[in-house]
Amino acid sequence: MSEQMPLPKKSVRESRAVKASIVLPPDTNNHHTMFGGKVMAYIDDIAAISAMRHCRQRVVTASTDSVDFLNPIREGDSICLESFVTWTHKTSMEVFVKVVAEDLLTGKRAICATSFLTFVALDPDNKPILVPGVIPETEEEQRLYDSAPERADARRLRRQQSRAIAELFESRKPWDR
């Protein structure tokens, strides 16, 4: 990473993104609920938009801390995802995503999933680049901001554990062993 001057902080609202869609039959499994993998793809997509809005640079997904599925999303429901940057480190951004389903006939809404992802900003040479800090403004934003360092520590530990596990395995094809 090349030396840069610190960037001015940005409010969380500047990174906020919203995506809505109706859940159609091709989006669902044999239970007529939305495929988890499709929800995860939507989550990564909307989180990347928030990260890019925050830093105005290209980004890559560094990790998905969690995707917690809390309620099913049924065929015919609308799915609405909301994301925003909660915290930054030098070159990385933590993004929170909330997934809400709405029964369009009754108006009943439920939070169906939450997720935390980390993105790294890249310069034109694909090297990590500094990102602006975050200014939380609402109580919700402040709570997520205050708890972010604990999640960052857990991410670092999990990454170390993942690397140790990866060292146990070979990269050869299973049939070549």
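Everything discussed here concerns the structure shown above.
Residues numbered from 1 in each chain as written. Predicted model: local features only at pLDDT ≥ 70, side-chain atom pairs only at ≥ 80, totals over all residues. Heavy atoms only, no water.

Peer 1: What exactly am I supposed to notice about a nonpolar patch on the surface here?
Peer 2: Together, Ile 22, Leu 24 and Leu 104 make up a nonpolar patch on the protein surface, roughly 260 Å² of accessible area in all. As for its placement among the helices and strands, Leu 104 is situated in the loop between strand 5 (92-102) and strand 6 (109-122). Judged by its relative accessible area of 45%, Leu 104 is partly exposed. (Patch = residues over 30% accessible without salt bridge, like charges linked within 9 Å, V, L, I, M, F, W, Y side chains within 5 Å. Areas by Shrake-Rupley, 256 points an atom, 1.4 Å probe, with all protein chains shown as cover. Salt bridge = Lys/Arg side-chain N within 4 Å of Asp/Glu carboxyl O. Helix = DSSP H or I, 4+ residues; strand = E, 2+ residues; numbered from the N terminus. Buried < 20%, exposed > 50% of the residue type's maximum accessible area, 1.4 Å probe, protein only.)

Peer 1: In this structure, what is going on with helix 2 (residues 139-168)? I would like to understand it.
Peer 2: One full turn of an α-helix is made of 3.6 residues, so residues set three or four places apart face in the same direction. For helix 2, spanning 30 residues, the distance from its first C-alpha to its last is 44 Å, which sits close to the expected 44 Å at 1.5 Å a residue. By the largest-angle criterion, Ala 148 marks the main kink of helix 2, which is about 40°, and a proline, Pro 149, follows within four residues. Every buried residue of helix 2 is accounted for by Glu 141, Leu 144, Ala 148, Arg 151, Ala 152 and Arg 155. Against the buried residues of helix 2 lie strand 3 (58-69), strand 4 (78-88), strand 5 and strand 6. (Expected span 1.5 Å × (residues − 1). Bend = angle between axes of the 7 residues up to and from the residue. Contact = heavy atoms within 4.5 Å.)

Peer 1: Got a minute to help me understand the pattern of salt bridges in this structure?
Peer 2: Pairing is possible between side chains that carry opposite charge, provided their charged atoms lie close to one another. Per the counting criterion, the structure on display carries 12 salt bridges. The partner of Lys 19 in a salt bridge is Asp 45, with the nearest N and O atoms 2.8 Å apart. Taken together, the residues Lys 19 in strand 2 (residues 17-22) and Asp 45 in helix 1 (residues 36-55) connect sequence positions 26 residues apart. Accessibility expressed as a relative area gives 25% for Lys 19, which makes it partly exposed. In this structure, Lys 98 engages Glu 82 in a salt bridge whose closest nitrogen and oxygen atoms are separated by 3.4 Å. Of this pair, Lys 98 sits in strand 5 while Glu 82 sits in strand 4, and the two are 16 residues apart along the sequence. Taken together, the shared-partner salt bridges in this structure form one network comprising Asp 65, Glu 94, Arg 151, Arg 155 and Arg 158.

Peer 1: Sorry if this is basic, but what is going on with the sheet that holds strand 3 here?
Peer 2: On the basis of which strands lie adjacent, the open sheet formed by 5 strands has the order 2-4-5-6-3 and antiparallel pairing. Whereas interior strands pair on both sides, the edge strands pair on one side only; in this sheet they are strand 2 and strand 3. Each adjacent strand pair in this sheet contributes to an overall mean axis angle of 25°, direction not counted. With 6 bridges joining them, strand 2 and strand 4 adopt antiparallel strand pairing. For Ile 22, the partnering residue across the bridge sits in strand 4 and is Ser 78. Sitting on the sheet, helix 1 touches strand 2, strand 3, strand 4, strand 5 and strand 6, and the angle it makes with strand 4 is about 45°. (Pairing = 2+ DSSP bridges. Axes fitted to C-alpha atoms, helices over the stretch in contact; angles between N-to-C directions.)

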